[in-house]
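# Secondary and tertiary structure notes
Residues per chain are reported as follows:
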Amino acid sequence: MNSTNFIKEFFGVGGYTRTPEGAYSFEHLLFVSIVISLMLFLAIFLGIRKRNKSQEEKNRVLIVSALLIDGFELLKIFIFCLNDHSLNPIRTTLPLFLCSIQLVTIPLAAFSKGRIKEASLDFVCIFGILGGILGTVGAAQNYNAYPVLSFHNVVSAITHNISAFCGIYIMISNLKSFKKENIWITATILLSFIVLALIANKLLNYNYMFLSYHDGTPYIMFYNLVGGNKILYPTLIVLAFLLYMMIFYTIYYLYQKKISKN
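## What to know about the nonpolar core
If you look at the biggest cluster of nonpolar residues, it comprises 52 residues, and the most contacted ones within it are Leu-62, Leu-98, Met-209, Tyr-219 and Phe-241. For this core, the elements supplying multiple residues, two or more each, are helix 2 (26-50), helix 3 (55-84), helix 4 (102-111), helix 5 (114-136), helix 7 (151-173), helix 8 (183-204) and helix 10 (232-261). Apart from the residues within four sequence positions on either side, Met-209 is in contact with Leu-96, Phe-97, Leu-98, Ile-101, Phe-193, Ile-194, Ala-197, Tyr-219 and Phe-241.

Laid out in structure tokens, this is it:
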């Protein structure tokens with residue numbers, strides 16, 4: 001394969017000719033293992049290195065992360081539009097998935113101030129790690145649809161792991177606050193995007209935040225539990241998000257209480 005054909009194949013110009021290796025294939029697991037390992041190394045290394053630095057110094061890592069995650073997302077939309085020969089892909093790339101909310105909250109954590117910044121930092125900690133793992137390992141449908149080493153999967157892995165990186169980095173570098181008075185702001189960020197996703201699903205006939213159908217994601221357990229009920233299924237997902245958030249806060253507060261006693 002010459003360089004021109006390789007580039008066309010990688011970016012999916014005219015459609016992929018390679019057969020996808022499949023979800024949880026050796027190639028899928030090897031690829032995500034390498035990406036996650038690199039992400040963990042950078043998050044731990046930079047988190048420890050910046051831990052005793054000034055808030056401004058710590059924040060620079062978030063600024064770079066915000067520029068990278070939004071930059072890759074814009075590149076993805078541009079390539080998708082080129083391949084589709086229309087603006088139609090914009091309809092399906094709104095930041096209304098749990099993991100893509102970080103396209104908004106990471107810049108908020110990096111560039112805003114006050115309680116909005118604190119709540120955004122908390123949101124990235126809580127949902128950045130979860131979304132990063134679910135979107136990299138749990139996004140099985142992507143590896144059934146596209147070859148592992150394709151633009152679709154590589155960019156998806158990068159953006160999801162930037163989210164996870166930021167969550168871990170914030171925790172280790174001590175940028176987090178987890179103030180009780182900010183919990184309602186963090187919850188409001190989540191619920192606002194859920195409402196927007198429900199509206200978008202209705203208007204655009206799409207499946208943002210997988211609130212309409214599990215689409216091969218781990219949410220299949222909720223879908224099967226209620227037999228795909230159109231009201232109970234999204235309700236269970238929303239309750240699971242809120243429960244996860246409260247468990248995260250509870251574990252953190254219990255840990256802090258234990259440390260203070262020692």
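After that view of the structure, there is still more to cover.
## Re the packing of helix 2 against helix 7
Viewed as axis vectors pointing N to C, helix 2 and helix 7 meet at an angle of 30°, and their least axial separation amounts to 8 Å. In terms of orientation, helix 2 lies roughly parallel with respect to helix 7. Regarding helix 2 and helix 7, the two cross each other, and that crossing is right-handed. Here helix 2 contributes Phe-31, Val-35, Ile-36, Met-39, Leu-40, Leu-42, Ala-43, Ile-44, Leu-46, Gly-47, Ile-48 and Lys-50 to the contact with helix 7, which in turn contributes Asn-153, Val-154, Ala-157, Asn-161, Ala-164, Phe-165, Ile-168, Tyr-169, Ile-172 and Ser-173.

## Observations concerning the environment of Ile-101
Within the secondary structure, Ile-101 sits in the loop between helix 3 and helix 4. With 27 residues separating them in the primary sequence, Ile-101 and Gly-128 have C-alpha atoms 8.9 Å apart. If we ignore the near neighbours within four places in the chain, the residues touching Ile-101 are Pro-95, Phe-123, Phe-193 and Met-209.

## Here we look at the environment of Leu-242
Checked against the element boundaries, Leu-242 lands in helix 10. With relative accessibility at 25%, the residue Leu-242 sits in the partly exposed group. With 55 residues separating them in the primary sequence, Leu-242 and Ala-187 have C-alpha atoms 7.5 Å apart. With sequence-adjacent residues up to four places away left out, Leu-242 is seen in contact with Leu-190 and Leu-191.

Parameters at a glance
- Residues numbered from 1 in each chain as written.
- Predicted model: local features only at pLDDT ≥ 70, side-chain atom pairs only at ≥ 80, totals over all residues.
- Heavy atoms only, no water.
- Core = buried A, V, L, I, M, F, W, Y, C linked by side-chain atoms within 4.5 Å.
- Buried < 20%, exposed > 50% of the residue type's maximum accessible area, 1.4 Å probe, protein only.
- Helix = DSSP H or I, 4+ residues; strand = E, 2+ residues; numbered from the N terminus.
- Contact = heavy atoms within 4.5 Å.
- Axes fitted to C-alpha atoms, helices over the stretch in contact; angles between N-to-C directions.
- Parallel < 35°, antiparallel > 145°, perpendicular 65-115°, else oblique.
- Left-handed = near helix turned anticlockwise from the far one by under 90°.

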